[in-house]
Amino acid sequence: MKKTLTLLAASLVMVSCSAEPRTLKDAFKDKFLIGVAVNQWQCSGEDSLGAATAKKHFNSIVAENVMKCEEIHPEENRYFWDDADRFVKFGEDNNMFIIGHCLVWHSQLAPWFCKDSLGNLVDAQTLRDRLRDHIHTIVGRYKGRIQGWDVVNEAIEDNGDYRNSDFYKILGEEFIPLAFQYAHEADPDAELYINDYSMNNAGKRDRYVKLVNDMKSKGIRIDAIGMQSHMGLDYPNLSDYENSLKAFASTGCKVMITELDMGALPSVNRGANVADKVAYQKELNPYPEKLPDDVSAQWNNRMDSLMNIYLRNADVISRVTAWGVSDGDSWRNDWPVRGRHEYPLFFDRNYNPKPFLHKYLNDK
Ligand code: G3I
């Protein structure tokens, strides 16, 4: 009898341990890195709940804003390091895989970068010199401390054309391989990524496959193609999305899910072009308090389908990153309509994991 009771007690302990809620990084540790975009308030500790959630559940971080050109290099002869230093220290203190975002992007670009003192576009050599200085200085500062870089962000339009950014106007297609060359010069061991949204579009997909294959054929280091993955309940078509994922993997690069969020509100436009904005209308903000159960169920089911895509492609996916810690942190509360209440991330405004995660967390 005594032996039976001992065995029963031991099995109960085992059950309670195995039922202990796991963390996301534990749940996916044999699949891919699970990451999150963090902001300056989480890295400084001012947002202690956001910081605690990031530390508990994620083994990779990316800088949401503090390393963008307008923040880190606001004037040609002035860098601002404080927030970026705190971001890197947050990652190092918590043994995380740290990603710098982003070295070359047409948005949040310091106004001086591509212009001369009269406001005209600078010549090609001036821009090459500025790109080299920018990239060598920033990547060099964090050499051996930041493991991966979003080198070029959002360079291609949905139809496959090159975005007519100032970088493209001045240097043509050359600005992309140049940026990767400068980043590799500054830290030969860092992983280097190209990154964009709406990657389900065939034109964009085909252009990136060609671009990356060309770069690899010239011996230029590129480690991964980043699919930002800003989604809605009705876009993108998930089979198109998975087709793109597989097409990117065919280049031999890793695939990274770099900025995952899924809006639950009525779509007013798609993609993630920050310049696209829509005026506030009450009907565009239908759930200011909480999502109705049916919409929440629809959102969780679609996120579950998405996680299944990632898990069945885990052999080529090296990272899945959410673009923010909790719903209250998301850029989508203000884009494309400022002042909406969105519900796009893994954790709600009380830092509770969304239902689609419960099965991975052994949650109730
Ligand atoms: O820092 C200023 C602050 O001083 C000022 O008081 C305030 C007034 O509005 O603006 C603050 O800057 C804001 C910045 O985020 C930092 O919080 C900008 O207005 C705001 O436009 C900016 O939004 C960011 C957006 O990129 C625009 O660049 C979002 O937080 C960020 O999540 C979003 O992230 C981008 C990725 O980098 C690239 N892929 C698309 C993704 C979504 O646009």
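Coordinates for the structure precede this section.
First things first, this report covers the structure right here in the doc. (Residues numbered from 1 in each chain as written. Predicted model: local features only at pLDDT ≥ 70, side-chain atom pairs only at ≥ 80, totals over all residues. Heavy atoms only, no water.)

**Quick look at the nonpolar core**
- Grouped together as the largest cluster of nonpolar side chains are 106 residues, with contacts concentrated most on Met-67, Trp-149, Tyr-310 and Phe-346.
- The greatest single-element share of this core, amounting to eight residues, is contributed by helix H9 (residues 175-186).
- Residues contacting Tyr-310, with those up to four places away along its chain left out, are Phe-32, Ser-229, Met-231, Tyr-241, Leu-245, Ile-257, Leu-260, Ile-317 and Val-320.
- In terms of nonpolar packing, the next biggest core, distinct from the first, is built from twelve residues, Ala-37, Tyr-193, Ala-224 and Trp-335 among them. (Core = buried A, V, L, I, M, F, W, Y, C linked by side-chain atoms within 4.5 Å. Buried < 20%, exposed > 50% of the residue type's maximum accessible area, 1.4 Å probe, protein only. Helix = DSSP H or I, 4+ residues; strand = E, 2+ residues; numbered from the N terminus. Contact = heavy atoms within 4.5 Å.)

**Some remarks on the packing of helix H10 (residues 202-217) against helix H11 (residues 238-249)**
- Between H10 and H11, whose axes approach to 10 Å, the crossing angle comes to 5°. Put simply, H10 runs roughly parallel to H11. Between H10 and H11, the contacting residues are Arg-205, Tyr-208 and Val-209 on the first element and Asp-240, Asn-243, Ser-244, Ala-247 and Phe-248 on the second.
- Residue classes in the contact of H10 with H11 are distributed as four nonpolar, two polar and two charged. (Axes fitted to C-alpha atoms, helices over the stretch in contact; angles between N-to-C directions. Parallel < 35°, antiparallel > 145°, perpendicular 65-115°, else oblique. Nonpolar A, V, L, I, M, F, W, Y, C, P; charged D, E, K, R; others polar.)

**As for unusual backbone geometry**
- In this chain, His-101 is followed by Cys-102 through a cis amide linkage whose omega measures -5°.
- With respect to the secondary-structure elements, Cys-102 resides in strand S3 (residues 97-104).
- For the bond running from Trp-335 to Pro-336, omega is -5°, close enough to zero to count as cis.
- If you trace the backbone, Pro-336 turns up in the loop between strand S9 (317-322) and helix H13 (358-361).

**So, the packing of helix H7 (residues 124-141) against H9**
- Running from N to C, H7 and H9 point in directions that differ by 35°, and their axes come no closer than 8 Å. Note on packing geometry: the crossing formed by H7 with H9 is right-handed. Counting all contacts with H7, which are made through Arg-128, Leu-131, Arg-132, Ile-135, His-136, Val-139 and Gly-140, the residues of H9 involved are Leu-178, Ala-179, Tyr-182, Ala-183, Glu-185 and Ala-186.
- Classifying every residue of the contact of H7 with H9 gives eight nonpolar, two polar and three charged. (Left-handed = near helix turned anticlockwise from the far one by under 90°.)

**Some words on the environment of Asp-327**
- Checked against the element boundaries, Asp-327 lands in the loop between S9 and H13.
- Residue Asp-327 is classed as buried on the basis of its relative accessible area, which comes to 1%.
- Between the C-alpha atoms of Asp-327 and Asp-187, which are 140 residues apart in sequence, the distance is 35 Å.
- Setting aside chain neighbours within four positions, we find Asp-327 in contact with Asn-333, Glu-342, Tyr-343, Pro-344, Leu-345, Phe-347, Asp-348, Arg-349 and Lys-354.
- Within the structure, the side chain of Asp-327 is placed 2.9 Å from the backbone nitrogen of Leu-345, a separation counted as a polar contact.
- There is a polar contact of 2.9 Å between the side chain of Asp-327 and the side chain of Lys-354. (Polar contact = N/O pair within 3.5 Å; in protein donor to acceptor, adjacent residues only side chain to side chain.)

**Comments concerning H7**
- Over its 18 residues, H7 extends 26 Å from the first C-alpha to the last, a length consistent with the 26 Å expected when each residue adds 1.5 Å.
- Listed in full, the buried residues belonging to H7 are Leu-127, Arg-128, Arg-130, Leu-131, His-134, Ile-135, Ile-138 and Val-139. The buried side chains of H7 occupy one side of the element, clustering within an arc of 165° when seen end-on.
- A side-chain oxygen of the first residue of H7 lies 3.2 Å from the backbone nitrogen of Gln-125; this N-cap is Asp-123. (Expected span 1.5 Å × (residues − 1). Arc of directions from axis to C-beta.)

**Overview of the side chain of Arg-302**
- Along the chain, Arg-302 falls in helix H12 (residues 293-312).
- Although Arg-302 lies buried, it forms no salt bridge, and the closest oppositely charged side chain, Asp-234, sits 6.6 Å away as judged by the N-O distance.
- Among the polar contacts listed, one links the side chain of Arg-302 to the backbone oxygen of Leu-233, at a separation of 3.4 Å. (Lys, Arg positive; Asp, Glu negative; His and termini not counted. Salt bridge = Lys/Arg side-chain N within 4 Å of Asp/Glu carboxyl O.)

Any functional reading would require information that these geometric values do not contain.
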